[in-house]
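Residue strings, one per chain:
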Amino acid sequence: MTLEREEGEHLRRVRSFVRRPGRLTPAQQRALDELLPVYQLDPALPDLRAAFERPAPLVLEIGFGNGEALVAMAAAEPDFNFLGVEVHEPGVGRALRAVHEAGLGNVRVAMRDAVELLSQQAPAGSLEQVRIYFPDPWPKKRHHKRRIIQPDFVNLLGAAIRSGGLLHLATDWAPYAEWMLEVLEPCAAFSNLGQPWVDRPAWRPQTRFERRGLGRGHDIFDLLFARR
Ligand SMILES: C[S@@+](CC[C@H](N)C(=O)[O-])C[C@H]1O[C@@H](n2cnc3c(N)ncnc32)[C@H](O)[C@@H]1O
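Residues numbered from 1 in each chain as written. Predicted model: local features only at pLDDT ≥ 70, side-chain atom pairs only at ≥ 80, totals over all residues. Heavy atoms only, no water.

A. Seen up close, the packing of aromatic side chains. Scanning the model with the defined rule gives 2 aromatic pairs in all. Between Phe 80 and Phe 82, the ring centres sit 6.4 Å apart and the planes meet at 65°, which makes this aromatic pair edge-to-face. For the pair formed by Phe 80 and Phe 82, the shared burial category is buried. Ring geometry for Trp 197 against Phe 221: centres 5.0 Å apart, planes inclined by 65°, an arrangement best described as edge-to-face. (Phe/Tyr/Trp six-rings, centres within 6.5 Å; stacked < 30°, edge-to-face > 60°. Buried < 20%, exposed > 50% of the residue type's maximum accessible area, 1.4 Å probe, protein only.)

B. Region of interest: the sheet that holds strand 1 (residues 58-62). One open sheet holds the 7 strands; their spatial order is 3-2-1-4-5-7-6, and the pairing between them is mixed. Every other strand in the sheet has two partners, leaving strand 3 (107-110) and strand 6 (190-192) as the edge strands with one partner each. Averaged over neighbouring strand pairs, the angle between their axes works out to 20° when direction is ignored. Relative to strand 4 (residues 127-133), strand 1 runs parallel, the two sharing 3 bridges. Following the sheet pairing, Val 59 is matched in strand 4 by Gln 129. Packed on one face of the sheet, helix 5 (residues 114-121) meets strand 1, strand 2 (81-85), strand 3 and strand 4 and runs near 150° to strand 1. (Pairing = 2+ DSSP bridges. Helix = DSSP H or I, 4+ residues; strand = E, 2+ residues; numbered from the N terminus. Axes fitted to C-alpha atoms, helices over the stretch in contact; angles between N-to-C directions. Contact = heavy atoms within 4.5 Å.)

C. Layout of the packing of helix 2 (residues 26-39) against helix 4 (residues 89-101). Contact pair helix 2 / helix 4: the axes reach a minimum separation of 8 Å and the direction vectors enclose 65°. Between helix 2 and helix 4 the crossing geometry is left-handed. Contact residues: helix 2 offers Ala 27, Gln 28, Ala 31, Leu 32, Leu 35, Leu 36 and Tyr 39, while helix 4 offers Glu 89, Pro 90, Val 92, Gly 93, Arg 94, Leu 96, Arg 97, Val 99 and His 100. Taken together, the residues of the contact of helix 2 with helix 4 break down into 10 nonpolar, 3 polar and 3 charged. (Left-handed = near helix turned anticlockwise from the far one by under 90°. Nonpolar A, V, L, I, M, F, W, Y, C, P; charged D, E, K, R; others polar.)

D. Region of the structure containing the site of the ligand. In the neighbourhood of the ligand, 18 residues make up the surrounding shell, with Ser 16, Gly 63, Glu 86, Tyr 133 and Thr 207 lying closest. One nitrogen or oxygen atom from the side chain of Thr 207 is found 2.7 Å from an oxygen atom belonging to the ligand. For the shell around the ligand, the per-class residue count stands at 8 nonpolar, 5 polar and 5 charged. (Near = heavy atom within 4 Å. Polar contact = N/O pair within 3.5 Å; in protein donor to acceptor, adjacent residues only side chain to side chain.)

E. Layout of the environment of Arg 162. For Arg 162, the location among the structural elements is in strand 5 (residues 161-171). C-alpha of Arg 162 to C-alpha of Leu 127: the two residues are 35 residues apart in sequence and 5.9 Å apart in space. Beyond its immediate stretch of four places on either side in the chain, Arg 162 contacts Gly 125, Leu 127, Glu 128 and Arg 227. Side chain to side chain, Arg 162 and Glu 128 meet in a polar contact 2.7 Å long.

F. Representation of the nonpolar core. Judged by nonpolar contacts, the single largest core of 41 residues is most densely connected at Ile 62, Leu 118, Ile 149, Leu 157 and Phe 190. Of all the secondary-structure elements, those providing two or more residues to this core are strand 1, strand 2, helix 5, strand 4, helix 6 (151-160), strand 5, helix 7 (174-184) and strand 7 (221-227). Considering each element in turn, this core owes the most residues, 7 residues, to helix 7. Those residues in contact with Leu 118 that sit more than four places away from it in its chain are Leu 60, Ile 62, Leu 127, Phe 153, Leu 156, Leu 157 and Ala 160. Ranked by size, the runner-up nonpolar core spans 24 residues in total, among them Ala 95, Val 109, Tyr 133 and Ala 170. (Core = buried A, V, L, I, M, F, W, Y, C linked by side-chain atoms within 4.5 Å.)

As structure tokens, this is what we get:
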């Protein structure tokens, strides 16, 4: 077992999400039944790049929610392949329908824990970029360990992103933005391209959780790091 796999095993004991099954609409269930087999990354594939018909730099979006940003980005950046990973089944159902309706050939979807995916299917340097938009902030102190941005998780990202590649994070929760900085600034694999934030890069569309944050009067923080 590799070190990364051991880290994956360890991280899997603390989940950054709570499964809420049984809330699929018939349309979402149909999308999962009919479209997941078409667009799904085979969980047994050891190299996620092999899921795509053509070789192209690969962007991984972690926790894509309903897939709004995933679909918009894949349409706007056709030279990249996009892999979205999400555990929330209704969101995956909605995203699959949107990917299919948009006729996108550069998108694949993984319905599984991002930690497992990174540990098992992302060889060193296989990713061009990782984008994580509005991850669950887990605001209560006793839940902070559930935040997906943690030193071990960032090490997994550092192993998977190629040298010169990018890690892009966004949040509307100021204490989580500070937390992200605290985790990433000491990390030798990444250098911060912001001071410490960046203006929203043109490639990031607005998402559902961003609109919710704005509606609550929150500021939005974009963080951009280069893999050294
Ligand atoms: C607050 S939502 C944000 C969704 C979307 N990015 C947006 O901005 O609207 C965070 C999402 O991350 C997903 N998530 C959390 N931990 C995850 C993990 N370990 N692997 C995959 N998805 C995860 C959750 O299921 C949830 O849909």
